[in-house]
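Here is what each chain is made of, one letter per residue.
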Amino acid sequence: MVVPVILSLDKTNLTSFSGNKQAYPVYIGIGTKNHQIRCQPSSHVMLLIGYIPVSKLECFSAKKQSIAGFQLFHNCMQTIVKPLVEAGKNGVRMNCADGFVHMAYPILAAYVANYPEQCLVTCCKENSCPKCTVTPKQCGDSVHSILRDPDKTLQTLAAQSRGHEPTEFVQHSLCPINPFWKDLPHCNIFACITPGILHQLHNGVFKDHIVSWASEAMGGGHQDEIDRHFCAMTPHTTLWHFEKGISLTSQWTGMELKNMEKVFLGVLANTTDPKVVRAVRGILDFIYYAHFEVHTDESLAHLDTAWVTFHENKEIFEELEIRTHFNISKLHNIKHYVDLIRTLGAAAGFSTEATNDETRTPLGAAHNKNPNQAVLEKGESTRYGRWWL
Ligand SMILES: [Zn+2]
């Protein structure tokens, strides 16, 4: 019996205001569990199996510190996943829910992490794609690029470590690391990288890019214009009313962003070039389809169409002199969603929300929260107005 293993990782603050110590908690789970159960932190399907230290490594010269830190991470991961090497090759007897003892072969199938950690795990530089060999200057185009090959990557890394300096090492934006996954049986680490709805879509593409570009495009670039439109929206029982606008807030929770997405197209209507509205609609449609818990060929076709719609209309941001290029890694990564959903299942099943409570706390401040303030009651006032249920 093949047991698909899921590893999950998200950098965490251990202390605040006293050295800001950080670590990577590593969680393990299995893909045979229903993803709805897997994503509930209370179900304890994802188990904590270790902490990997994050150190500045001041014993090394400034030039070598980052690579030494990456290698330290991979050495720690190698220790953590060591039992999987033998078990994946020769199997291990396990008691199963059907009452029989099965010979189980655990194979690493998915690695849930944010973009910087995805690059760290796959030994890629942070301006590159952890799944394909697209060059940083082509990230913004809707081009199809070749997927990374684990065997060829291992050969390139080995050749680089021997001092041969192969051309692929620079072409594929690799880092000189001895990877932890090289001994894992049947493991394609690049295919293990999962979609990340919270950080890639809500916080990345939508908040960091689309909101600021669209705000600039409307009202001749006056920041308060978008706030006036948010304030002027009529309160509705199913919608969040952002009565103080959005421009003065720097940190958003996942839930707040989801509620902003619900009304954002209405805020933009008739205020700017129709192409801006069409480009934003493409991204919002993409986010909604990516949230589906069950997909069909039709829903995946709609997901792909939404991505194409954005690319067909994105030039308007260049015409309005808001952007000079679209070579943004998070914007490129969403191109892989259709293939990822076909191979790994619905994107909603691989959120770091399962091991991190960031849906309810400002992103980046997840571990400094007061838990008593995290849950909103019906009609409770928030800093943006009232949450209408
Ligand atoms: Zn890619």
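Calculation criteria
Residues numbered from 1 in each chain as written. Predicted model: local features only at pLDDT ≥ 70, side-chain atom pairs only at ≥ 80, totals over all residues. Heavy atoms only, no water. Phe/Tyr/Trp six-rings, centres within 6.5 Å; stacked < 30°, edge-to-face > 60°. Helix = DSSP H or I, 4+ residues; strand = E, 2+ residues; numbered from the N terminus. Buried < 20%, exposed > 50% of the residue type's maximum accessible area, 1.4 Å probe, protein only. Salt bridge = Lys/Arg side-chain N within 4 Å of Asp/Glu carboxyl O. Lys, Arg positive; Asp, Glu negative; His and termini not counted. Polar contact = N/O pair within 3.5 Å; in protein donor to acceptor, adjacent residues only side chain to side chain. Contact = heavy atoms within 4.5 Å.

1. Examining the packing of aromatic side chains
- Summed over the entire model, instances satisfying the criterion amount to twelve aromatic pairs.
- Centroid distance Tyr 111 to Phe 180: 6.2 Å. Interplanar angle 55°. Geometry classified as tilted. One end of the pair, Tyr 111, is in strand β6 (residues 101-112); the other, Phe 180, is in the loop between α5 (167-171) and α6 (189-192), and 69 residues separate them in sequence. Across the pair, exposure class does not vary: Tyr 111 and Phe 180 are buried alike.
- When the centroid spacing of 5.3 Å and the interplanar angle of 55° are considered together, the rings of Trp 213 and Phe 317 count as tilted. Residue Trp 213 is found in helix α7 (residues 197-217), and its partner Phe 317 is found in helix α12 (residues 315-319); the two are separated by 104 residues along the sequence.
- Judged by its relative accessible area of 4%, Trp 213 falls in the buried class.
- Here the aromatic cluster, defined as three or more aromatic residues joined through ring pairs, consists of Phe 206, Phe 230, Trp 240, Phe 242, Trp 252 and Phe 264.

2. Considerations on the pattern of salt bridges
- Enumeration according to the criterion identifies four salt bridges in this entry.
- When the shortest N-O distance is used, the salt bridge between Arg 228 and Glu 225 registers 3.1 Å. Placement of both Arg 228 and Glu 225 in helix α8 (residues 223-232) is noted, with a separation of three residues, approximately one turn of the helix.
- The class of Arg 228 is exposed, set by a relative accessible area of 52%.
- Residue Arg 342 pairs with Asp 297 through a salt bridge whose shortest N-O separation is 3.2 Å. On the criterion of sequence distance, the pair formed by Arg 342 in helix α14 (residues 337-344) and Asp 297 in helix α11 (residues 297-313) is long-range, its members being 45 residues apart.
- On the basis of relative accessible area, Arg 342 is assigned to the exposed category, the value being 52%.

3. Some words on the environment of Glu 168
- Relative to the elements of secondary structure, Glu 168 occurs in helix α5.
- On a C-alpha basis, the gap between Glu 168 and Lys 152 in space is 9.3 Å, while along the polypeptide they are 16 residues apart.

4. A few points about the side chain of Lys 131
- Structurally, Lys 131 is set in the loop between α3 (115-122) and α4 (150-161).
- Here Lys 131 sits buried without a salt bridge, and the closest side chain of opposite charge, Asp 339, lies 8.3 Å off (N-O distance).
- In this structure the side chain of Lys 131 is engaged in a polar contact, spanning 2.6 Å, whose partner is the backbone oxygen of Phe 190.
- Beyond its immediate stretch of four places on either side in the chain, Lys 131 contacts Leu 147, Arg 148, Phe 190, Ala 191, Ile 193, His 336 and Leu 340.

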